[in-house]
Amino acid sequence: FGFRFADGLSLQKLFGYDYGSFLLECADPPENAELIGFVTEENCFCKGDECVDGEDLRNLYEGKLEPVYACNIDQHSPALETISWRGEAVRRHPDVAVLH
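Residues numbered from 1 in each chain as written. Predicted model: local features only at pLDDT ≥ 70, side-chain atom pairs only at ≥ 80, totals over all residues. Heavy atoms only, no water.

Engineer: Pulling in residues and values, what's your account of the environment of Asp74?
Structural biologist: Within the secondary structure, Asp74 sits in the segment after helix 2 (54–65). Residue classification places Asp74 among the exposed positions, given a relative accessible area of 58%. Sequence spacing of Asp74 and Asp56 is 18 residues, and the spatial spacing of their C-alpha atoms is 20 Å. (Helix = DSSP H or I, 4+ residues; strand = E, 2+ residues; numbered from the N terminus. Buried < 20%, exposed > 50% of the residue type's maximum accessible area, 1.4 Å probe, protein only.)

Shown next as structure tokens:
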């Protein structure tokens, strides 16, 4: 998915403080709400004529800390060896001592 900011939305409004505000995703905007943009199917984030590829953003975000906190781990691991036990159960009880 991606996002296209609404035309006319200033950078000051976008990045400014607006305490107590809620950011909602709605099919129909609520009354008295300010539209900031639209979710899109393309993997890019756009404001006006400028677009940034979503994959590039993800690589920048994850790449900064990847050497410290690895999150891009190879998920392909060898199959685990099947282990089974066919002997009788062994129950062990701990020694109990009562001190007076």
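Engineer: Please set out the pairing of strand 4 (residues 50–53) residue by residue, giving values where relevant.
Structural biologist: Note: strand 3 (residues 44–47) against strand 4, four bridges, orientation antiparallel. Bridge assignment links Lys47 to a residue of strand 4, and that residue is Glu50. The hairpin formed by strand 3 and strand 4 contains two residues between the paired strands, and Gly48 there has a positive phi angle of roughly 65°. (Pairing = 2+ DSSP bridges.)

Engineer: Can you explain the layout of surface pockets? Please cite residues and give values.
Structural biologist: Considered as a void within the structure, the largest pocket measures approximately 780 Å³ in volume. Secondary-structure elements contributing two or more residues to the lining of the largest pocket are helix 1 (11–15) and strand 2 (37–40). Broken down by element, the residue count for the lining of the largest pocket peaks at three residues, all from strand 2. Broken down by class, the residue content of the lining of the largest pocket amounts to 15 nonpolar, three polar and four charged. (1 Å grid on protein atoms, 1.4 Å probe; cavity = no way out; pocket = protein on both sides within 12 Å on 5 of 7 lines; lining within 4 Å. Points joined across faces, edges and corners; volume = space filled by probe spheres on them. Nonpolar A, V, L, I, M, F, W, Y, C, P; charged D, E, K, R; others polar.)

By themselves, these observations are geometric and do not establish any function.
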